[in-house]
Amino acid sequence: SQADFEEDSQKQPAVEHWKTLMPSKGNKEDPETGCQDAGGVDETQSTEQLNVSRLRSSSVEIREKGSEFLKEELHKAQKELKLKDKECERLSKVREQLEQELEELTASLFEEAHKMVREANTKQAASEKQLREARGKIDMLQAEVTALKTLVITSTPSSPNRELHPQLQSPSKAVFRKGHGRNKSTSSAVVSAASQNVTPEPVSHECKEVDSILFAEFQAWKESPTLDKSCSFLDRIYREDIGPCLDFTKQELSELVRVAVEQNTLTIEPVASQTLPVVKVSAEECGGPKKCALSGLPRTCKHRIMLGDSGNYYYISPSCRARITAVCNFFTYIRYIQQGLVRQDVELMYWEVMRLRREMSLAKLGFYPSEM
């Protein structure tokens, strides 16, 4: 547009110059008066004004065209900018979506890893718990086998144990134990039955009667078995049996033993079959082969205990071992009931619990088998 404006500005003077030259030729051909010269001047001035107005109109037109062109370019640039903004917004949304997916994937991977670790730890803990329970059961079975061996050894063909074989008892003793008869008719009847080689019934050494309160508490516990000591069944046993049975002279160690028994993390092992470890605590606290760590008394300690995974061993006397074993046997049995492993009648389970309570009562009073 600027080039066209320059061309028009260059062309206009040429026309004006040509028009000014024409009157000069007329003057050469027809030299008249000065009026004609004045008319020529007016015409020239009007022509110049016309040319100036044309120039102004052309410049205005050029400006309008230039402004329209610039507006069009600006409009195009704005459209392109809007398109670029939309593209940037779309790309930013895609980036945010990818980042969110990456975070979710990372979180899911971490969660899966933590889940696998938790499952592995749970399985390991369950395996260790089963191993400890198996060891405790083996210890209990070994004690029972030892007791049975002792009973069997005391009964030989040359000197049979009449407590194991009631049929070998003399008729007089059988009559006295069975019926406590005081008249001749009863005694003669029993003697005649014995003379006819009729085997009498086994002698019953004790009578049992179910306590209604204890049985009701056991039944209520059996409906939803738990190891929580707040229930009436376990609360009574804790107060009457477990607490007194695990109450030793060393109170702090007694509390640790009670917690280990409740959590099933206590280990009992013979001293002779194991090498002596490096003990981290004082010898007075752990005792020794000649001193019990729980009672503090000089005793021959054939066993030692370890609480959890501490690595510290405590030597215990046979009496303390009998007390701890009695409590462990009770907890083992009620855990079996809780896990649904005992398939017996409720009354039979109740009497087994009472037998275990009796063992704890005897142990806390100082009675224990000689093989302890």
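Residues numbered from 1 in each chain as written. Predicted model: local features only at pLDDT ≥ 70, side-chain atom pairs only at ≥ 80, totals over all residues. Heavy atoms only, no water.

- The chain appears in an unreviewed UniProt entry as Guanine nucleotide exchange factor for Rab-3A from Gavia stellata.
- UniProt lists a comment for the chain under the heading Sequence similarities (unreviewed entry), and it reads "Belongs to the SEC2 family." (UniProt positions renumbered as here; feature names shortened; annotations may be inferred.)

1. Some details on the overall build of the chain
Here is step 1 of the chain: Per the secondary structure count, the chain includes 10 helices and three strands.
Here is step 2 of the chain: In the chain, the order of α-helices and β-strands from amino to carboxyl end is α-α-α-α-α-α-α-β-α-β-β-α-α.
Here is step 3 of the chain: Within the span of the chain, comprising 372 residues, buried residues form 24% of the whole.
Here is step 4 of the chain: Counted over contacts in the chain with a minimum sequence separation of 6, partners at least 24 positions apart contribute 66%.
Here is step 5 of the chain: For the chain, the exposed surface amounts to about 26,300 Å²; the carbon and sulfur share of it is 56%. (Helix = DSSP H or I, 4+ residues; strand = E, 2+ residues; numbered from the N terminus. Buried < 20%, exposed > 50% of the residue type's maximum accessible area, 1.4 Å probe, protein only. Contact = heavy atoms within 4.5 Å. Areas by Shrake-Rupley, 256 points an atom, 1.4 Å probe, with all protein chains shown as cover.)

2. Concerning the packing of helix H6 (residues 232-245) against helix H10 (residues 346-364)
Here is step 1 of the chain: At a closest axis distance of 8 Å, the pairing of H6 and H10 adopts a crossing angle of 30°. For the element pair H6 / H10, the angle class is roughly parallel. In contact with Phe233, Arg236, Ile237, Glu240, Asp241, Ile242, Pro244 and Cys245 of H6, H10 contributes Val353, Arg357, Met360, Ser361, Ala363 and Lys364. (Axes fitted to C-alpha atoms, helices over the stretch in contact; angles between N-to-C directions. Parallel < 35°, antiparallel > 145°, perpendicular 65-115°, else oblique.)

3. Let's talk about the packing of helix H9 (residues 318-338) against H10
Here is step 1 of the chain: Two elements in contact, H9 and H10, have axes separated by 8 Å at closest approach and are oriented at 165°. Between H9 and H10, the angle falls in the class roughly antiparallel. As for the relative orientation of H9 and H10, their crossing is left-handed in sense. Across the interface between the two elements, Ala322, Arg323, Ala326, Val327, Asn329, Phe330, Tyr333 and Ile337 from H9 touch Met349, Glu352, Val353, Leu356, Glu359, Met360, Ala363 and Lys364 from H10.
Here is step 2 of the chain: A class-by-class count of the residues in the contact of H9 with H10 yields 11 nonpolar, one polar and four charged. (Left-handed = near helix turned anticlockwise from the far one by under 90°. Nonpolar A, V, L, I, M, F, W, Y, C, P; charged D, E, K, R; others polar.)

4. Concerning the pattern of salt bridges
Here is step 1 of the chain: One pass over the full model with this rule turns up 15 salt bridges.
Here is step 2 of the chain: Among the salt bridges present, the one from Asp235 reaches Arg239, with a minimum N-O distance of 3.1 Å. With Asp235 and Arg239 both in helix H6 and four residues apart, this pair spans about one turn of that helix.
Here is step 3 of the chain: Its salt-bridge partner being Glu269, residue Arg304 comes within 2.9 Å of it at the nearest N-O pair. (Salt bridge = Lys/Arg side-chain N within 4 Å of Asp/Glu carboxyl O.)

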